[in-house]
Each structure stands twice: as C-alpha cells, then as structure tokens.
Amino acid sequence: MIETVRKVFGIIRVVTKVTWVVWMLVLLVLLLVIVSKGIFGFEDRNTPVEAIVSEINKVDGDYSVVVSYQYQDEYYSDCILEMDYLPDDMKVGENYTLYVAPDKPYKPLFNYPSWLEFLIFFIPWLLLVLCIIFKAYPRERKEKIELPYGLKNGNPKLKEKGEPIKARVIDYGKSTEETDGVVRVQYYVIVDYIDSKRVLHKAGTGYIGFNPTQYIKDKNKEIIVYINPKRPSKCYIDVEEMYEYLQLNRAYTYDTSN
C-alpha cells in the first residue's frame, strides 16, 4: 500500500511540474504579445506634433523638458514632459517630434526608439523564460547527480522533540574526491517518508564519515527518522545511532583520510 502511494505521488509531482512550466510559458507568451502591442502600437494611438523645446532641466538623473506645440488648431504652451532618457538631437530652441493622445492633448508623449523598447521590455522577459526552462528541466539532471550529497541533515534537537516515523532508504553510497593528492571518502543516506497527511517527503544525512551499509541492510532499508509534527518536511536522521550500532557490532568503516 505504501509503495503504491509513493508511486502515485511521484507521478503527481512530475505532472504538476510539467503542467506548471507549460502554463507559465503560455502566460509569458501572452504577456509578450500584450506588451508588444502596447509598445509598438504607440504611433497608431497617438498623433505626432512638432514641438519647440524651450527648457531642459535635469533633476536626480531624470529630465524635465518644457515644450510648446499646436494640435488641432489649439496652441499648448509650456507643457512639461518628464523623461528618463534624453535623445542627442533634442536641444533647446529647436523643434522635436513628440506625440499627443486625443483624450489628453495637453500631455506630450515621447516615443522611445524601438531598440530601446526591445532592451527595456523583451530582454527581461526572455531571461525570465530561460530561467524557468533551465530551472525546470536541467534540475532533473542535477538532482540525479548531486541530490544524494546535497540533502543536509536536519536539526538534532528533533531527536528529543520530534515525532519518530518509519522511513524507507531509497539511496545510499559513497563519494570519493581527491584534493591535493589526498583521497577523501564520504558516505550518504537518502530516505523518503509519508507524513500523517499522506504527503511524501525526501530527506538525507548529507556527508557522513562512516559506511552505513551494514546498518541499512540489518534494518531492511527501513529506519526511524524524527520529524517536526508542525512542519513534516523538516526531518532528522539519527546518524549517531547508526554509528553506535555499527561500532557495537564492529561493522563500520570510518573515514580517517584528511
């Protein structure tokens, strides 16, 4: 029964992750379409006017430009245009093409160049899409390679205050690395368990300095872990008990390399 529940939860997790990625990509595409229409439809919605620039003031990195122009037989004098970017060809005493909206002819608008629009709007969206893709798919490959060594053990205080629960050992082994000619061997144990709400969790010891193989075999790959009842994802695997058991039975291998 427990094995069936684990398999069902595994399938649900994969489907949920793929569905989430698909919906996020669809949402981003829709946002890109909306934003692009809003940006590049600027000239269709607004009317160009030849405005004369009478003042350019720079305040805290932004620009306040005073302009005057004529629109539909009305003359608008000393209108303020707030800008965070000043074109090289905008100069005091000269004309510059601005835009006005039909419903707000008193408020001049500046149309940023298309290349700047691309930088401002499209590159961040593109980076966001790439981050989502790389987070979702390469992560699967990364977990298979690094996950056994990346799961750090929880708080030892859970051994006294936590709730003991039976967990299944799903992976264990060793990692060998060489630094400055010295070979260092480290071991790890990975388990999963189901809490009272039938939620599947995964936990690990991180690196430990002794070989836990005999302990795991003697326990038939089922060991007791201690979880936080209020936050069942928080778990502590009693590596001290493992070591004491192996030492008592003279079945341990301790890593003495430094």
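Residues numbered from 1 in each chain as written. Predicted model: local features only at pLDDT ≥ 70, side-chain atom pairs only at ≥ 80, totals over all residues. Heavy atoms only, no water.

A. Seen up close, the packing of aromatic side chains. Going through the model one piece at a time under the given rule, you end up with 4 aromatic pairs. Between the aromatic rings of Y96 and F110, the centroid separation amounts to 6.1 Å while the plane-to-plane angle is 35 degrees, which identifies the pairing as tilted. Of this pair, Y96 sits in strand β4 (residues 95–101) while F110 sits in the loop between β5 (104–109) and α3 (114–136), and the two are 14 residues apart along the sequence. Owing to a relative accessible area of 14%, Y96 belongs among the buried residues under this scheme. When the centroid spacing of 5.2 Å and the interplanar angle of 80 degrees are considered together, the rings of Y215 and Y245 count as edge-to-face. Taken together, the residues Y215 in helix α6 (residues 213–218) and Y245 in helix α7 (residues 239–248) connect sequence positions 30 residues apart. When its relative accessible area of 6% is taken as the criterion, Y215 is described as buried. (Phe/Tyr/Trp six-rings, centres within 6.5 Å; stacked < 30°, edge-to-face > 60°. Helix = DSSP H or I, 4+ residues; strand = E, 2+ residues; numbered from the N terminus. Buried < 20%, exposed > 50% of the residue type's maximum accessible area, 1.4 Å probe, protein only.)

B. A look at a nonpolar patch on the surface. Together, L126, L127 and L130 make up an exposed nonpolar region whose accessible area comes to about 270 Å². By the element assignment, L126 lies in helix α3. (Patch = residues over 30% accessible without salt bridge, like charges linked within 9 Å, V, L, I, M, F, W, Y side chains within 5 Å. Areas by Shrake-Rupley, 256 points an atom, 1.4 Å probe, with all protein chains shown as cover. Salt bridge = Lys/Arg side-chain N within 4 Å of Asp/Glu carboxyl O.)

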